[in-house]
Amino acid sequence: MKKELSSEQRKGLLDTLKTRFEKNINRHAGIDWVKVKAKLETNSEKLSSLNEMEITGGEPDVVGMDKGTGEYIFYDCSAESPKGRRSLCYDRDAHESRKEFKPENSALDMAAEIGIELLTEEQYRELQQLGNFDLKSSSWVKTPDRIRKLGGAIFCDRRYDTVFLYHNGAESYYAARGFRGSLKV
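Please read all numbers here as calculations on a predicted model, not as lab measurements.

A.B. asks: Which parts of the structure should I look at to understand the overall build of the protein?
C.D. replies: The helix and strand inventory of the protein stands at 7 helices and 8 strands. Here the C-alpha radius of gyration of the protein, 16 Å, is about what a compact globule of 185 residues would show, namely 16 Å. Structurally, the protein occupies a C-alpha span of about 50 × 35 × 30 Å along its principal axes. The burial tally for the protein puts 48% of its 185 residues in the buried class. Put simply, of all contacts in the protein between residues at least 6 apart along the chain, 63% involve residues at least 24 apart.

Structure representation (C-alpha cells):
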C-alpha cells in the first residue's frame, strides 16, 4: 500500500500537516512544528505512512511527544472514523472465518499495510480529551488477547457526551465502523 512519495507529494503532505497543526494547537501545546517537520523530512517511511493515513481520511495530527524516545505521536483526528478504513472486520482470523460476504480487508491487516497501530482503549480516551470524535461512527480499538481468544473484539465511540467501549464478534463489520491509528515519528 505504501509507496515512496514524490517531492511534490511530500511538499503537499507537509503543507497539509502544517496547516492542521497550526489550526489545532490545543492538541499539541508546547510542540514546535519546525522540529516535527525536521523529523518527518528525515524519515520517508513514516511520511509515507502519514500519507496513507491522510489518503484514507484519517486527518493525522500530532497529539503529543514520547518523553522517553523524543518521538512525536500522531493520531487520526478526523471527526468520524476514517472513511477509507471502514467496513472491516477486526483481524485476519476473523476475516478468514467468514464463509460469505467477506469484507475487503481487516483492521489489523490494513493498519500493518499502512505502517500504523490501532489505538488502544486508553489512547482512544486520550484522543477524546482533545475533541469530540466518532459522534456518528465507531472505531475498532486494540483488543486484549483474552477477549480475542474468545472470538470477540472491542470498539469505541462517543455518544451522549460519553465515550463508550463495546464488544462485537471480531468477524463483524459495519459501514459506520472503521479504525483509528497511531504513529510515532
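Once you've had a look at it, read on.
A.B. asks: Where do I start with the packing of aromatic side chains in this structure?
C.D. replies: When we look at a pair of aromatic rings, we describe it by the centre distance and by the angle of the planes. Across all of its chains, the model carries 5 aromatic pairs by this definition. Ring centres of Tyr-90 and Trp-140 lie 5.6 Å apart, and the angle between their planes is 65 degrees; on these two criteria the pair is classed as edge-to-face. Here Trp-140 lies in strand 4 (residues 138–141) and Tyr-90 lies in the loop between strand 2 (72–76) and helix 4 (92–97), a separation of 50 residues in the sequence. Under the relative-accessibility criterion, Trp-140 is labelled buried at 1%.

A.B. asks: Just checking my understanding: could you explain unusual backbone geometry for this structure?
C.D. replies: Across residues other than glycine, the phi torsion is negative in most instances, and most of the peptide bonds are trans. In this structure, Glu-59 takes a positive phi of about 50 degrees despite not being glycine. When you line up the elements, Glu-59 lands in the loop between helix 3 (44–55) and strand 1 (60–65). Note on Glu-59: relative accessible area 36%, which makes it partly exposed. One non-glycine residue, Asp-134, adopts positive backbone phi at about 55 degrees.

A.B. asks: Please clarify how the pairing of strand 8 (residues 181–184) should be interpreted in this entry.
C.D. replies: Moving residue by residue along a regular strand, the side chains alternate between the two faces of the sheet. In the sheet, strand 2 pairs with strand 8 via 3 bridges, with the strands oriented antiparallel. Of the residues in strand 8, the one forming a bridge with Ile-73 is Lys-184. Alignment of strand 3 (residues 117–118) against strand 8, held across 2 bridges, turns out to be antiparallel. By the bridge assignment, Leu-118 is partnered in strand 8 with Gly-181.

A.B. asks: Help me understand the environment of Glu-52, please; the structure alone is not making it clear to me.
C.D. replies: Relative to the assigned elements, Glu-52 resides in helix 3. When its relative accessible area of 6% is taken as the criterion, Glu-52 is described as buried. Counting along the chain gives 49 residues from Glu-52 to Lys-3, while the straight-line C-alpha distance between them is 9.0 Å.

What counts, and at which threshold
Residues numbered from 1 in each chain as written. Predicted model: local features only at pLDDT ≥ 70, side-chain atom pairs only at ≥ 80, totals over all residues. Heavy atoms only, no water. Helix = DSSP H or I, 4+ residues; strand = E, 2+ residues; numbered from the N terminus. Rg over C-alpha atoms; globule rule 2.2 N^0.38 Å. Buried < 20%, exposed > 50% of the residue type's maximum accessible area, 1.4 Å probe, protein only. Contact = heavy atoms within 4.5 Å. Phe/Tyr/Trp six-rings, centres within 6.5 Å; stacked < 30°, edge-to-face > 60°. Pairing = 2+ DSSP bridges.

Geometric values such as these leave the question of function open.
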